[in-house]
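Structural features, examined
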Amino acid sequence: MKGKLFYLGVSGMQRSIEILDSTLRDGAQGEGISLSVEDKLAITKLLDSLGVAYIEAGNPASNPKDMEYFQQISHTAYANASIVAFGSTRRKGVPVEEDANVQALLEADAPICCIFGKSWKLHVTEILGTTPEENAAMIGETIAYLRENGKRVFFDAEHFFDGYKDDPEFALAALQAAADAGAECLVLCDTNGGSFPDEIGEITAVVAGRFESVKVGIHCHNDCGMAVAGTIAAVQAGAEHVQGTWLGFGERCGNANLSNVVANLQLKRGIACIPAEKLSELTTVSREIAEIANVRVPHSQPFIGASAFAHKAGMHADGVLKLSRSFEQVSPESVGNERRFLMSEQTGRAAVLQRMQRVCPELTRQSPQTQVILDRLKQLEHDGYQFEGAEPSFELVVRKSLGLYEPYFELVSYKVLDEEPGDDTGNSATATIKIRVGGELSIAAAEGDGPVHALDLALREALSHFYQSMVRCRLIDYKVRVMDSKQATAANVRVLITSTDGKDVWTTVGVSTDVIQASWLALVDSFEYRLIRDGIER
């Protein structure tokens, strides 16, 4: 049913749409995003495993890397996803069979081609320098030629919403040319990212009503911060095909964030985007894609961020423990995330106890150990520790207080040498470390860009002889806070270290008057926590 708004419940899927992920194409145009062929292949597998219908993998005419990807993937079968090659209409004045970009699409050997063309008269006359008639011919001839060569074709109507607001009939004529030539989906693009959700909804409804025999799609950019809202408005107005990027990667301010779009539509509107059983993998897959792209998922990212289900205020924590939906829009388990209670002076006793019970389920409010741990927590916070966002260190405090902690290694000694200027590699420090594991000594040395980096590398090298899981771990963030500036160089410093193994991310804390010692304490907690979580036996 097109052209009408949908406000559907969450009890069962009432409707389905198809997702086209453009992380490998549009997302790769984002600042700071650089994906190798191997990166693209790895992300393709992740998106396919999640049940994404289409993966727009790149423009084979734009660079050799994209063509190499298509060559490698041409004989690969995927369980859920179809591969899409992206390209433009033929150039003005060039026969379609002689256009190099169009021929590259055929050489890519992808079953589907997504062709973009102009739907804003301003671009036709001022940017392309051609006529409306030639623009329609460029669209129609390109799509017809690809169809004759056995390709399925989606048409991306570039700048559609701006074009429609400027000249509705011209914009609709561009869609008509694509539909007449055999395009199976007409994708309305908010290329400049400047349209409001209500505008997108109203215009999409008009298009859906006019082209009832052709699927209508939506492609929003985030320049006003409303790409997800615009996408949902289009779906409610009848769009059946959604384009975006995972985590919102993309040029300028990015694209519609598909992790948000999928969760909102599937959980809030009963509109199936991926198989229902795959929704609980949303957080894990999102974080793995971020790791491959060498970026961090913002903690505040809805649904999949580390803070999406984190509670600090005592009243909030107490409410969640009594009735989770009182302070949570959906259950964290529904998207594969987890609930967290941030440990601080504002945290309620019930939430702190709940966190303790993860280590020792037998603890109660009346248990003597409970008060011991609470007193220890207060003392550590007085000394400068902060466990908000560093729950692994809090868990280790609980284990030590309960006698449930046995170290995985013993430090014998470490030595750090720092010098300036650094050598040609950029390394300015050397660390040597000696540890003991089960009576066996291990000595390692490493160079690093600063003393903490060198110490981290040396410790990791020493531990990897005993614990192979350490090879996967790496430090991804490091923060230092001087606790009392009046004490000058004698002040306590707090160090927060964030680590990852490619899937999970965790933060630990250390405090000392010596920044290297504080860093060491945080590093030890980081490694110990990971080994405990991996179930490694001592």
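Just so we're clear, the structure is a prediction, and the values are computed from it rather than from any experiment. (Residues numbered from 1 in each chain as written. Predicted model: local features only at pLDDT ≥ 70, side-chain atom pairs only at ≥ 80, totals over all residues. Heavy atoms only, no water.)

This paragraph deals with the overall build of the protein. Summing up its helical and strand segments, the protein has 17 helices and 18 strands in all. Dimensions of the protein, computed from the C-alpha atoms along their principal axes, are close to 80 × 55 × 45 Å. Restricting the contact set of the protein to residue pairs at least 6 apart, pairs at least 24 apart contribute 67%. Of the roughly 23,100 Å² that the protein leaves accessible, carbon and sulfur atoms contribute 49%. Here the protein contributes 51 positively and 73 negatively charged side chains, and the mean placements of these two sets differ by 7 Å. (Helix = DSSP H or I, 4+ residues; strand = E, 2+ residues; numbered from the N terminus. Contact = heavy atoms within 4.5 Å. Areas by Shrake-Rupley, 256 points an atom, 1.4 Å probe, with all protein chains shown as cover. Lys, Arg positive; Asp, Glu negative; His and termini not counted. Charge placed at Lys NZ, Arg CZ, Asp CG, Glu CD.)

A rise of 1.5 Å per residue sets the reference length of helix α14 (residues 368-383), with its 16 residues, at 22 Å; its end C-alpha atoms lie 23 Å apart and thus fit the reference within 8%. If you check which residues of α14 are buried, you get Thr370, Ile373, Leu374, Leu377 and Leu380. The arc that holds the buried residues of α14, viewed along the axis, is 130°, so those residues lie on one side. Residues of α14 that are exposed and point more than 90 degrees away from the buried face comprise Pro368, Lys378 and His382. Just beyond α14, the residue with positive phi is Gly384, at close to 120°. (Expected span 1.5 Å × (residues − 1). Buried < 20%, exposed > 50% of the residue type's maximum accessible area, 1.4 Å probe, protein only. Arc of directions from axis to C-beta.)

If you walk across this open sheet you meet the 3 strands as β16-β17-β18, and the pairing is antiparallel. Every other strand in the sheet has two partners, leaving β16 (474-482) and β18 (505-512) as the edge strands with one partner each. Ignoring strand direction, the axes of neighbouring strands in this sheet form an average angle of 20°. Looking at chain direction, strand β17 (residues 493-500) and β18 are connected through 8 bridges and run antiparallel. Of the residues in β18, the one forming a bridge with Thr498 is Thr507. Along the sheet, helix α17 (residues 515-533) makes contact with β16, β17 and β18, crossing β18 at roughly 145°. (Pairing = 2+ DSSP bridges. Axes fitted to C-alpha atoms, helices over the stretch in contact; angles between N-to-C directions.)

A separate point is empty space enclosed by the protein. The gaps of empty space that remain are located by a probe, the size of a water molecule, rolled over the atoms. Per the counting criterion, the structure on display carries 1 cavity of 30 Å³ or more. The computed volume of the largest cavity comes to approximately 30 Å³. Together, Asp190, Gly193, Ser195, Ile200, Cys220, His221, Met226, Ala227 and Gly230 line the largest cavity. Of the residues belonging to the lining of the largest cavity, the class tally is 4 nonpolar, 4 polar and 1 charged. (1 Å grid on protein atoms, 1.4 Å probe; cavity = no way out; pocket = protein on both sides within 12 Å on 5 of 7 lines; lining within 4 Å. Points joined across faces, edges and corners; volume = space filled by probe spheres on them. Nonpolar A, V, L, I, M, F, W, Y, C, P; charged D, E, K, R; others polar.)

Here we come to the confidence of the model for the protein. Put simply, the protein has an average pLDDT of 89, and 92% of its residues get 70 or more. Across residues 1-11, where pLDDT falls below 50, the model places 33 contacts with residues more than four positions away in sequence or in other chains. (pLDDT = per-residue confidence, 0-100.)

Attention shifts here to the nonpolar core. Counting 89 residues, the largest nonpolar core has Tyr69, Phe155, Phe160, Leu175, Leu186 and Trp246 as the members making the most contacts within it. For this core, the element with the highest residue contribution is helix α7 (residues 168-181), accounting for 8 residues. If we skip the residues at most four places from it in the chain, Phe155 touches Ile115, Phe116, Gly117, Ile139, Ile143, Ala174, Leu175, Ala178, Ala183, Cys185, Leu186 and Val187. (Core = buried A, V, L, I, M, F, W, Y, C linked by side-chain atoms within 4.5 Å.)

On to the packing of aromatic side chains, then. Per the counting criterion, the structure on display carries 9 aromatic pairs. A ring pair is formed by Tyr408 and Tyr467, whose centres lie 5.6 Å apart and whose planes are at 85°; its orientation type is edge-to-face. Of the two residues, Tyr408 is situated in the loop between α15 (391-401) and β13 (410-418) and Tyr467 in the loop between α16 (451-464) and β16; the sequence distance between them amounts to 59 residues. The two residues Tyr408 and Tyr467 agree in class, both being buried. With a centroid separation of 6.4 Å and an interplanar angle of 45°, the aromatic rings of Trp506 and Tyr529 are classed as tilted. Of the two residues, Trp506 is situated in strand β18 and Tyr529 in helix α17; the sequence distance between them amounts to 23 residues. With relative accessibility at 5%, the residue Trp506 sits in the buried group. The class of Tyr529 is buried, set by a relative accessible area of 11%. Three or more aromatic residues joined by ring pairs form one cluster here, namely Phe160, Phe161 and Tyr164. Positioned over the ring face of Tyr405 is Lys400, at 4.9 Å from the centre of the ring. (Phe/Tyr/Trp six-rings, centres within 6.5 Å; stacked < 30°, edge-to-face > 60°. Lys NZ or Arg CZ within 6 Å of the ring centre and 35° of its normal.)

Let's shift gears to a negative patch on the surface. Together, Asp418, Glu419, Glu420, Glu447 and Asp449 line one region of the surface with negative charge. Considering the arrangement of structural elements, one finds Glu447 in strand β15 (residues 440-448). Taking the relative accessible area as the measure of exposure, Glu447 reaches 46% and is therefore partly exposed. (Patch = residues over 30% accessible without salt bridge, like charges linked within 9 Å, V, L, I, M, F, W, Y side chains within 5 Å. Salt bridge = Lys/Arg side-chain N within 4 Å of Asp/Glu carboxyl O.)

For the rest of this paragraph, the subject is the pattern of salt bridges. Taken as a whole and assessed by the stated rule, the structure comprises 25 salt bridges. Measuring nitrogen to oxygen at the nearest pair gives 2.9 Å for the salt bridge that ties Arg152 to Glu184. Taken together, the residues Arg152 in strand β6 (residues 152-158) and Glu184 in the loop between α7 and β7 (185-190) connect sequence positions 32 residues apart. With a closest N to O distance of 3.8 Å, Glu169 and Arg210 form a salt bridge. Here Glu169 is found in helix α7, whereas its partner Arg210 is found in helix α8 (residues 197-210), with 41 residues between them in sequence.

Where α16 meets α17, the axes come as close as 11 Å, and the angle between the chain directions of the two elements is 35°. Read as a crossing pair, α16 and α17 show a hand that is right-handed. Residue-level contacts link Pro451, Val452, Leu455, Asp456, Leu459, Arg460 and Leu463 of α16 to Ile516, Ser519, Trp520, Leu523 and Phe527 of α17. Among the residues making up the contact of α16 with α17, the classes are represented as 9 nonpolar, 1 polar and 2 charged. (Left-handed = near helix turned anticlockwise from the far one by under 90°.)

With a phi close to 70°, Leu247 is a non-glycine residue in the positive phi region. We note that Asn294 has phi near 60°; this positive angle belongs to a residue other than glycine. Checked against the element boundaries, Asn294 lands in the loop between α11 (282-292) and β11 (310-311). Note on Asn294: relative accessible area 58%, which makes it exposed.

Our focus in this paragraph is the layout of surface pockets. Approximately 800 Å³ is the volume attributed to the largest pocket. If you go around the largest pocket, you meet 34 residues; those closest to its centre are Arg287, Glu338, Asp504, Val505 and Trp506. Elements with a contribution of two residues or more to the lining of the largest pocket: α11, α13 (349-359), α15, β16, β17, β18 and α17. Per-element tally for the lining of the largest pocket: the top contributor is α11, with 5 residues. Grouping the amino acids of the lining of the largest pocket by side-chain chemistry returns 9 nonpolar, 11 polar and 14 charged. Counted as a void, the second largest pocket has a volume near 260 Å³. What lines the second largest pocket is a set of 14 residues, and nearest its centre among them are Tyr385, Val397, Lys400, Leu521 and Asp525. When contributions to the lining of the second largest pocket are tallied by element, the ones reaching two or more residues are α14, α15 and α17. Examining the composition of the lining of the second largest pocket, we find that 5 residues originate from one element, α15, more than from any other. Here the lining of the second largest pocket is built from residues that sort into 9 nonpolar, 2 polar and 3 charged.

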